[in-house]
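# Chains, contacts and geometry: an overview
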Amino acid sequence: MSDDQEIFYVCSCYYTHNIFLSQFSLHVTYIDDETFSKNWRQILKNKGCTSDEAYTDVLKQVKTEVERRKSLGHKYLERRQKISEGYTPLHPNIYKLQTSYLSPKFLELVEVSKQDSTSKENLLKRINIEKGERIYSFPMFTEEFCHLFKEEIEHFEGTDLPKGRPNTMNNYGVLMNELGFDKDFITPLRLSYITPITRLLYPDWGGDSLDSHKAFVVKYKIGEDLSLNYHYDNAEVTVNLSLESDFSEGSLYFGGMRHLRLEETECTEYCHKPTHGLIHRGQHMHGALPISHGERYNLIIWMRSSRVRNKLCPMCDRKPQLIKTVGFGDGFTKTEKQTVDVCCAL
Ligand SMILES: [Fe+2]
Ligand SMILES: [Zn+2]
């Protein structure tokens, strides 16, 4: 089924789980005030949230985040509409993927991957094998394309048009679907170029059936977001591409797969190379070290396989409880006999 026909959903845990409190580097769950107090008050106290006033502020912060998530669907549609009517792209040509934007080396990897049964060996001979388990990198776009793309993002950032946050942990950046890059750029990139490679590298993570994505550009800058806490992605496979090299430090570090604490694993580091994509399993825990100078723009593509995630939601470890939304949602699809709740916000 094509992307246009498939209907995607979010799991109900999106409105209750994984609410990030950056001041405590803590993800919490909220169902109601009483349960929250029972589950989190002592933990927050241990982290320095001792007074009643401070606790009330945290509770307010959590509830605001829940409300933000509930209104995300229609807010997205509003923003998309305003942007498509009010934004004049700086480089309109780059909104439609062309082969010429891609690095010849990347095209070679795609071709090799599409060949016969020896493809995987041939791919592994050509792709950069990074430190850490099943982490790879490769030149992805041309320098020229990365430059134009970064200019486009900066141009959009300079407007006063509304902008959604990329995810719950990054405060600065641009969502690719809101800007209009999804249909003719990210979707064909995923289907025609990335999937032949992920089919060989991550068949156990749905690398052969990545049927939706969430793509965004994140920005790290002195005075804004500098680093990113240790986390896993809401994705089966992630591509992380560094656009240009106007920054110092800010490497990525990888630990173990999720459920393993940072202290229990040995970390490896990856230093971003401009125009190169880094590819890893979404549930491979990682974080970004602080940049010490300049600014860094990365294009992140979270790719989802409904075949894999329909069995278990990676964010709550339960069978997903489907809720209707707009666009790709969180990449779940309806399997037989599953019921769907309609989110009150839509
Ligand atoms: Fe991430
Ligand atoms: Zn869930």
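Quick note: structure is the one above.
Values in this document were obtained by computation on a predicted structure and should not be read as measured data. (Residues numbered from 1 in each chain as written. Chains lettered and ligands numbered in written order. Predicted model: local features only at pLDDT ≥ 70, side-chain atom pairs only at ≥ 80, totals over all residues.)

## Some thoughts on the overall build of the protein chain
- Scanning the protein chain for helices and strands turns up 9 helices and 17 strands.
- Here the C-alpha radius of gyration of the protein chain, 20 Å, is about what a compact globule of 346 residues would show, namely 20 Å.
- Along the three orthogonal principal directions, the C-alpha set of the protein chain runs to about 60 × 50 × 45 Å.
- For the protein chain, the share of sequence-separated contacts (at least 6 apart) that also reach a separation of at least 24 residues comes to 78%. (Helix = DSSP H or I, 4+ residues; strand = E, 2+ residues; numbered from the N terminus. Rg over C-alpha atoms; globule rule 2.2 N^0.38 Å. Contact = placed C-beta atoms within 7 Å.)

## Remarks on the nonpolar core
- Membership of the largest hydrophobic core comes to 54 residues, with the highest contact counts inside it found for Phe216 and Ile301.
- Discounting chain neighbours no more than four positions away, the residues touching Ile301 are Ile186, Arg190, His213, Ala215, Thr238 and Val239.
- One finds Phe8, Val10, Tyr15 and Phe332 within the second-largest nonpolar core, a separate group that totals 11 residues. (Core = buried A, V, L, I, M, F, W, Y, C linked by C-beta atoms within 7 Å. Buried ≥ 20, exposed ≤ 12 C-beta atoms within 10 Å, placed from the backbone.)

## Examining the environment of Lys131
- Within the element layout of this structure, Lys131 appears in the loop between β4 (128-129) and β5 (136-139).
- With 190 residues separating them along the chain, Lys131 and Gln321 place their C-alpha atoms 37 Å apart.

## Structural notes on the environment of Arg69
- Relative to the helices and strands, Arg69 resides in helix α2 (residues 52-70).
- Separated by 15 residues in sequence, Arg69 and Ser84 place their C-alpha atoms 22 Å apart.
- Contact partners of Arg69, with chain neighbours within four places excluded, come to Tyr14 and Tyr15.

## Comments concerning the sheet that holds strand β8 (residues 228-231)
- The 4 strands lie next to each other as β8-β14-β11-β12, forming an open sheet whose pairing is antiparallel. Each of the sheet's edge strands pairs with one partner strand only, and the pair in question is β8 and β12 (268-270). Strand-to-strand twist in this sheet, taken as the mean axis angle between neighbours without regard to direction, amounts to 25°. (Pairing = 2+ DSSP bridges. Axes fitted to C-alpha atoms, helices over the stretch in contact; angles between N-to-C directions.)

## Here's the deal with unusual backbone geometry
- One non-glycine residue, Arg134, lies in positive phi territory at about 55°.
- Position of Arg134 among the secondary structure elements: in the loop between β4 and β5.
- Overall, the presence of 16 C-beta atoms within 10 Å leaves Arg134 in the partly exposed class.

## Comments concerning the packing of helix α1 (residues 33-46) against α2
- Where α1 meets α2, the closest approach of the two axes is 12 Å, and the angle between their N-to-C directions is 125°. When the axes of α1 and α2 are compared, the pair comes out oblique. Our pair here, α1 against α2, has a crossing hand that is right-handed. Touching Asp33, Phe36, Arg41 and Leu44 of α1 are Tyr55, Val58, Leu59 and Val62, all from α2.
- The class makeup of the residues in the contact of α1 with α2 is 6 nonpolar, no polar and 2 charged. (Parallel < 35°, antiparallel > 145°, perpendicular 65-115°, else oblique. Left-handed = near helix turned anticlockwise from the far one by under 90°. Nonpolar A, V, L, I, M, F, W, Y, C, P; charged D, E, K, R; others polar.)

## So, the pairing of strand β11 (residues 252-257)
- Of the strand pairs in this sheet, β11 and β12 are connected by 3 bridges, and their pairing is antiparallel. Note on β12: the bridge partner recorded for Phe254 is Thr268.
- Relative to strand β14 (residues 284-288), β11 runs antiparallel, the two being bridged by 4 bridges. Each bridged residue has a counterpart across the sheet, and for Leu252 the counterpart in β14 is Ala288.

Interpretation in functional terms is not warranted from these geometric data alone.
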